[in-house]
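# Summary of structural features
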Amino acid sequence: MTGVVLLVPAYQPDERLPALLSAVARLDPSIDLMVVDDGSAPTPVFDACRALGAVVLHHGVNRGKGAALRTGLAHVLLVSPSAAAVTADADGQHLPEDVVRVAQRAPQGLVLGVRSFDGAGVPLRSRVGNRVSAVLVRAATGRALADTQTGLRGFAPDLLPWLLAVPGDRFEYELRVLLEAARRGTPIEQLPITTVYLAGNASSHFSPVRDSLRVYRPLALFLASSLSAFVVDLVALLVLGAVTGSLWLSVVGARMLSGTVNYQVNRRVVFGAARSRRSVLGYVALAGALLLANLAVISGLTWLGVPLLAAKLLTELALVAVSFTVQRCAVFRRRSAARQPVALQGSGHGVR
């Protein structure tokens, strides 16, 4: 392998896969070719890929796109650790010219080949799904990404060990990569590419219900965490208010209880961060600032005659975005995400 490897995960591919590889090799012979067969039925397509000089790895059973990508990335890192990687889909959605353009930028960092979803030939589910995903990703990370679901991506060599540590075996893996990249502060270059949908994207193996649940799970975790802390805070506020009759004591007690719950859930589940003195102190400082803001806003609203429950709801809605942004950017931000690559075990048929 040399400087850039084109990695294509494939499940039940057709002739469009070797056609893509052939065109890329013709445009830029320096790009090495790799295909990961993710448990497909026997087909001459993979023989055609080998005939073009591609390395073909095999999963004995279908394990998912994320698992196939990690298998290929691990092989690149093992055989040629100085090579950059470009990932592309096997169903003809990426033009060879765009693959080569992303490959040229890949050694510089993380590159996304972003599509435009305004054309008449774009299926409605793809247009709506991408826009919803883009809004949620921006809310969760602060990054404005035009195409969060693109399979055409480039990765510099130093990013490969980190990519192997990103969880997710199926379609959710690619979204997790973007969420983790934002969390670790990795720059993301967005390179416009041609939008191609053949026959309404009928060849896609993406399940609208099952795979959408997997894709949006990381984002849903934060919303669930915020909701659970809000419920604890609200119930404690109402109970303490009824028992003590003191607004300030009720707000402080409820916030201490809900803050403890929110810290543990966010650290372990949402951000996957290890417990550290820095995160504890950072969260305490944030909780203190939010507490003062809660007291000030709720006191002002109740003084204006707004009922306590309504005042609490309005205050929380105003402060939730601030809380998440500070936690993401400062409290639970990872300073280093580089990890050792996983060990590979394989046979004459490739990695399994």
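Each chain carries its own residue numbering, running from 1 in the written order of its sequence. The model is predicted, so local features are restricted to residues of pLDDT at least 70 and side-chain atom pairs to those at 80 or more, both for listing and for counting; the totals for chains, interfaces and linings are taken over all residues. Neither water nor hydrogens contribute to the side-chain values; these are computed over all heavy atoms in the structure.

Moving on: the environment of L52. Put simply, DSSP H or I for four residues or longer makes a helix, DSSP E for two residues or longer makes a strand, and each gets a number counted from the N terminus. Structurally, the position occupied by L52 is in the loop between α2 (45-51) and β3 (55-59). Residue L52 is classed as partly exposed on the basis of its relative accessible area of 34%. For the pair L52 and P18, spaced 34 residues apart in the sequence, the C-alpha separation amounts to 7.7 Å. The criterion used for residue contact is that any of the two residues' heavy atoms lie within 4.5 Å. If we ignore the near neighbours within four places in the chain, the residues touching L52 are P18, L21, S22 and L33. Categorising residues by exposure relies on relative accessible area from a 1.4 Å probe, with only protein chains included: less than 20% of the type maximum marks a residue as buried, more than 50% marks it as exposed, and the intermediate range marks it as partly exposed.

A few words now on the pairing of strand β5 (residues 110-114). Counting buried positions over the 5 residues of β5 gives 5, a clear majority of the element. A pair of strands is considered paired only if DSSP assigns at least 2 bridges between the two. Judged from the 5 bridges that link them, β5 and strand β7 (residues 188-192) form a sheet pairing that is parallel. Across the sheet, residue L110 finds its bridge partner in β7, namely I188.

This part is about the sheet that holds strand β6 (residues 153-155). Overall, mixed pairing links the 7 strands, which are arranged β3-β2-β1-β4-β6-β5-β7 in an open sheet. Looking at which strands have only one partner, the edges of the open sheet turn out to be β3 and β7. On average, each strand axis in the sheet is tilted by 20 degrees relative to the strand beside it, whichever way the strands run. As judged from the 3 bridges shared by strand β4 (residues 84-87) and β6, these two strands associate in the antiparallel manner. Among the inter-strand pairings, A85 is bridged to a residue of β6, identified as F155. To obtain an axis, a line is fitted to C-alpha atoms, over the contacting stretch when the element is a helix, and the angle between two such axes runs from 0 to 180 degrees between their N-to-C directions. Of the strands in this sheet, β1 (4-10), β4, β5, β6 and β7 touch helix α4 (residues 96-105), which is tilted by about 155 degrees from β7.

Our focus in this paragraph is the pattern of salt bridges. The term salt bridge refers to a pairing of a side-chain nitrogen on Lys or Arg with a carboxyl oxygen on Asp or Glu at a separation within 4 Å. A full pass over the atoms with the stated rule returns 8 salt bridges. One salt bridge in this structure joins R105 and E189, with 3.1 Å as the shortest N-O distance. Residue R105 is found in helix α4, and its partner E189 is found in strand β7; the two are separated by 84 residues along the sequence. When its relative accessible area of 35% is taken as the criterion, R105 is described as partly exposed. A residue is classified by how much of its surface remains accessible, and E189, at 26% relative accessible area, is partly exposed. One salt bridge connects R115 with D147, and the closest N-O pair in it is separated by 2.6 Å.

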